[in-house]
Amino acid sequence: MMPLLEEINLPGLLVATLLPWCAGAVAARVIIGAAPLSLLLGHGYLLGQLLVVILLLGWDAAGLTFAFAPLAALLGGVTVLGSLPWLRRFQRQRRSHPLWPGAMRVHWRHMLWLLPLLLFLTVRGSAMAQEMALRPLFAWDAWMNWVPRAVVWFQHGELTAFGTPDAWLAAPPATELYTLGNWRAGDYPPAIPLLLLWQMLGADSYDHTLLYLPWLLLPGACALALWGHLRALDLPHWATALALYALLSQPLLTTHSTLAGYADLWLGAAFGLGAMALAHWQHTGAWRHGLLAITLALMCALLKTPGLGFGALLLGAAVILLWRPPARWLLASAATVCTLLLLGLLLGLHPRVAELDALLVLDLPWTLPTLTLAPRPLLPYLWQALFVQANWHLLWLLLPTCLLAGLAWRGLASLHSIALLVLVAGFGLLLFLFGFTHYFKEAANFVTLNRTLLYLAPLAVYVAFAQLAPILAPDSSR
Amino acid sequence: MKKACLTSIPVLLLAAGLLWTMLPLLYPDWAEGKQAAEPQVLLGTDFSPVVAAEARSEGDALLITRMQTDAAVFRANPRFDASRYPQLRLHLQGLRPESRLFLFWRTAELPTRQRSLELDHYRDGTQWFAPGHSEFWRGTVVEVAIGVFGEAGTEPLRLRELAFHGVTRERMAARMIAEWSSFQPWLHSAMNLHRGIPPAAVAHPNAVAALGVAIALLLLVIAAAVLRLSRRTVVAAGLLVLFLPWLVLDLLWQGQLNTRVALSRDQFGGLDQQTKHQRDLDSALFNYAQELRTLVPADPQQRLFLLHDSRGHNYQRLRLQFHLLPLNIYNYGSTLLPVGEMRPGDYVLQFGALEGLHYDPASGLLTGNNQRWQALMLSQHELGRLFRLTRELPPVATGQRR
């Protein structure tokens, strides 16, 4: 163990890992007001990373050289300032109320249900932590696309520009421009390399396995938020514990957390938690959760190029909650789009249609790719990914089962869920990309398909168990 | 909850029973009474070491302690009808992951013709394979051999048993359990998918579990209607029906993780970061990059062209680029670029042999793609050569840029 810890600034690394979490929890408290600790910590983890990204971008824009101590002091100062009103109120409330807010108070009988979950967390978490700490950076896109930018920024103390290889060749002498092994990676959004840069600054090293601790903690933060949101729906403790197990046990999620460095799990967390915040707004009328969802939509856009689309879905859903159109309009629109997508996918199975190269070419703006449109034979690959390969255990069987249970006992009212709408929209976006554009080949070789399904996995678990909450809630009729 | 347990467990057992009867559907060669055949078991001592430098027997096992020029072959002479035995169980230890494993056989009908089938081995010890998938697995088998090819490992090759089986439910189940619990190491594709089975496995655990759960859920719906169960009981029972098989799948995954961690501990445990790189798959590239980084200044304006004979995402060239960070690298192409795109003062790394690049040490002339540069060779290594461009010279002729 000692050689592992000797090479880095361990206190700095711990501060880099935990300070953003504290700052994010305070930010979550400021945005959504009083809330269970599980929600503050769960959402706070992502908000903290967003604060780090904004802080580093602002620091560089101000022309300052990166140094961890002043950066951490600034973030710490903002955290203390943001928490002062909360702490004062907390002190006052503590005299008349118990220490932990409602949803975190757990009766000993409920603890019996939590014990298997804690056992699972210990076994799985210990295996994941060991693997992460032992193995040098392994994940391909991490060392090809994401980590190199952080290494260069760490070494130069500033956000050195990255661009495409063409731009690199055409750059005049004395230009400081880097390029990466993947042609377009220089134009990727900056959040992931900035998160890594923050860890490197804290640890004072750019090459160490413990730099990737945020990836290890991310599923835990997602689980905390999931716990808070499902408990807010009055789902019993045992079922909520089962939901957490459903989320944390998924093999692909475990892999992305353990072999750190990819952006997909972060996007899945930001998108999923954003949709859960919207559902909370819809369920309780607490509009400030809408602000949280909008903040997480921004995070989606900063994480990965597809995050622009998924962030837009969150914003669209927030508009729907503000606008409140009749539910039958939404159901009819969603049903129409789903039917058209399904028909298109079935059409793609026809051998003559599958031979078509392009019916239409769609030029997207900015650095977005050009899409070549035609129906593709996606369905067999989707079937493999969802039900045959071992990526998700039985998640994609759990989801329709819970939806059917909701429909059977609550009728169409069970479909009046913004989280479900966002999930269907997210799934529709993926079906469109892989089933109707040239990205089909990325699905057919299974390079990207499952990674993008990871964007939906946390939300799928929430939607499945949220469907059951009205049936299992203690005050529901039997 | 008690009622939910009392409902879900019988329903799951019933579904498992139905799956058991449906097992033949998973295997296309089930028909024609093959399941009736008794296994043909050959112990290690039934074999002779026909290709080996040194061999000995130990109990029922035959050991090849030294291979003969990276090859070892065990041979035996059974007699059975191939069509009745479409699968085999091999117990062979000492196999390296990189070794190639083959089954050879001859039949009484064509005794001069040797057939072979490469076996995709997935673990050390007991493994199942399906020779029945080969179109040549027919006739009366009178000679079988197991061949191992590739560099020898530290352990001797220990053949304990080779058993040919017909298709019965018990053997199918045994084979599935062996395949599902077989170890699969971390691959770079692990970020993209987790198959959960070795190649050519008989069935996917998730698909089987999903089928079983779907049947159990249907049975649960029927039971709920007949027994007039409350909806809360039905939902709780449904969750149990889903999550008990889920738990089994997760235990398989946890087993994989535990073995992977144990291997990582063997490889990297107790080491500092530098030593971990020395133990990693690409240690040679890491060391070469360390050497190169002392020769090229880490100035962001100082450009380095990494030339390699590959296209697309090549592991070697991309990994070398990563280890060379924070050098400013253009990692595309395999030869010189036109004047203007390369400039005096740029560094050029020839990584591996390149047909399109030539250097004359006497004149200091670096040529390729019709481009000519006066260049200094700063380093020569078995993995590549590093040059610094000092002066551009007129192109030798106009030509197509590679």
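Thresholds applied
Residues numbered from 1 in each chain as written. Chains lettered and ligands numbered in written order. Predicted model: local features only at pLDDT ≥ 70, side-chain atom pairs only at ≥ 80, totals over all residues. Pairing = 2+ DSSP bridges. Helix = DSSP H or I, 4+ residues; strand = E, 2+ residues; numbered from the N terminus. Axes fitted to C-alpha atoms, helices over the stretch in contact; angles between N-to-C directions. Core = buried A, V, L, I, M, F, W, Y, C linked by C-beta atoms within 7 Å. Buried ≥ 20, exposed ≤ 12 C-beta atoms within 10 Å, placed from the backbone. Domains from an automatic or database assignment. Contact = placed C-beta atoms within 7 Å. Nonpolar A, V, L, I, M, F, W, Y, C, P; charged D, E, K, R; others polar. Expected span 1.5 Å × (residues − 1). Parallel < 35°, antiparallel > 145°, perpendicular 65-115°, else oblique. Left-handed = near helix turned anticlockwise from the far one by under 90°. Arc of directions from axis to C-beta.

A.B. asks: How do you make sense of the sheet that holds strand 19 (residues 384-393) of chain B when you look at a structure like this?
C.D. replies: In a beta sheet, neighbouring strands are held together by backbone hydrogen bonds and run either parallel or antiparallel to one another. All names here are of chain B. As summarised here, the arrangement of the seven strands in space is 14-13-15-19-18-17-16, forming an open sheet in which the pairing is mixed. Looking at strand neighbours, the two that pair on one side only are strand 14 (328-330) and strand 16 (358-360), the edges of this open sheet. On average, each strand axis in the sheet is inclined to that of its neighbour by 35°, with strand direction left out of account.

A.B. asks: Could you clarify how one ought to interpret the nonpolar core in this entry?
C.D. replies: Across soluble globular proteins, nonpolar side chains have a tendency to be buried as a group. Among the nonpolar cores identified, the biggest contains 231 residues, and A:L278, A:L314, A:A419 and A:F465 are the most heavily contacted of them. With 15 residues, helix 4 (residues 231-268) of chain B is the single largest residue contributor to this core. Summarising the domain contributions, this core has at least three residues from each of domain 1 (15-85 + 116-306) and domain 2 (323-472) of chain A. If we skip the residues at most four places from it in the chain, A:A419 touches A:A275, A:M276, A:L278, A:A279, A:L459, A:Y462, A:V463 and A:A466.

A.B. asks: Quick question: what am I supposed to make of the interface of chain A and chain B here?
C.D. replies: By a frequent convention, interface size equals the accessible area lost on bringing the separate parts together. On the side of chain B, 61 residues touch chain A, which itself brings 60 residues to the contact. Those elements that provide at least two residues to the side of chain A that touches chain B are helix 5 (108-134), helix 6 (140-156), helix 7 (165-170), helix 11 (251-258), helix 17 (379-388), helix 18 (395-410), helix 21 (449-453) and helix 22 (457-472) of chain A. Grouping the constituent residues of the side of chain A that touches chain B by class yields 37 nonpolar, 15 polar and eight charged.

A.B. asks: Looking at this structure, how should I read helix 13 (residues 288-303) of chain A?
C.D. replies: Counting along an α-helix, one turn takes 3.6 residues, and residues three or four places apart therefore face a common direction. Residues and elements named next belong to chain A. Its 16 residues place the ends of helix 13 23 Å apart at the C-alpha level, agreeing with the 22 Å of an ideal helix rising 1.5 Å per residue. The buried count for helix 13 comes to twelve of 16 residues, which makes it a mostly enclosed element. Among the residues of helix 13, H289, G290, L292, A293, T295, L296, A297, M299, C300, A301, L302 and L303 are the ones counted as buried. Those residues of helix 13 hidden inside the fold are in contact with helix 2 (10-32), helix 3 (37-61), helix 8 (191-203), helix 12 (264-284) and helix 14 (306-323).

A.B. asks: What am I meant to see in unusual backbone geometry here?
C.D. replies: Glycine aside, residues mostly have negative phi angles, and peptide bonds mostly take the trans form. Note that the residue after B:L325, namely B:P326, is joined by a cis bond; omega there is 10°. We note that A:H393 has phi near 50°; this positive angle belongs to a residue other than glycine. Of note, the phi angle at A:F446 is positive, near 60°, even though the residue is not glycine. With respect to the element layout, A:F446 can be found in the loop between helix 20 (440-444) and helix 21. The class for A:F446 is partly exposed, based on 18 C-beta atoms found within 10 Å.

A.B. asks: Got a minute to help me understand the packing of helix 3 (residues 205-227) of chain B against helix 4 of chain B in this structure?
C.D. replies: Packed helices, taken two at a time, are described by the angle their axes make and the gap between the axes. Residue and element names in this part refer to chain B. As a packed pair, helix 3 and helix 4 sit with axes 10 Å apart at the nearest point and diverge in direction by 165°. It follows from the interaxial angle that helix 3 and helix 4 lie roughly antiparallel. In this structure, the crossing between helix 3 and helix 4 has a hand that is right-handed. Contacts between helix 3 and helix 4 involve P205, N206, A209, G212, V213, A216, L217, L220 and A224 on the former and, on the latter, V234, A237, G238, V241, L242, P245, L249 and L252. Grouping the amino acids of the contact of helix 3 with helix 4 by side-chain chemistry returns 14 nonpolar, three polar and no charged.

A.B. asks: Mind showing me how you'd approach helix 2 (residues 169-180) of chain B here?
C.D. replies: All names here are of chain B. With twelve residues, helix 2 should cover 16 Å at 1.5 Å per step; its first-to-last C-alpha distance of 16 Å lies within 8% of that length. For helix 2, the complete set of buried residues consists of M172, R175, M176, E179 and W180. One side of helix 2 holds all its buried residues, which, seen down the axis, span an arc of 125°.

A.B. asks: I tried to follow the packing of helix 22 of chain A against helix 4 of chain B on my own but got confused; where do I start?
C.D. replies: For the pair helix 22 of chain A and helix 4 of chain B, interaxial distance at closest approach is 9 Å and the crossing angle is 145°. Here A:L468, A:I471 and A:L472 of helix 22 of chain A lie close against helix 4 of chain B, whose contacting residues are B:R231, B:R232 and B:V235. Residues that form the contact of helix 22 of chain A with helix 4 of chain B fall into these classes: four nonpolar, no polar and two charged.

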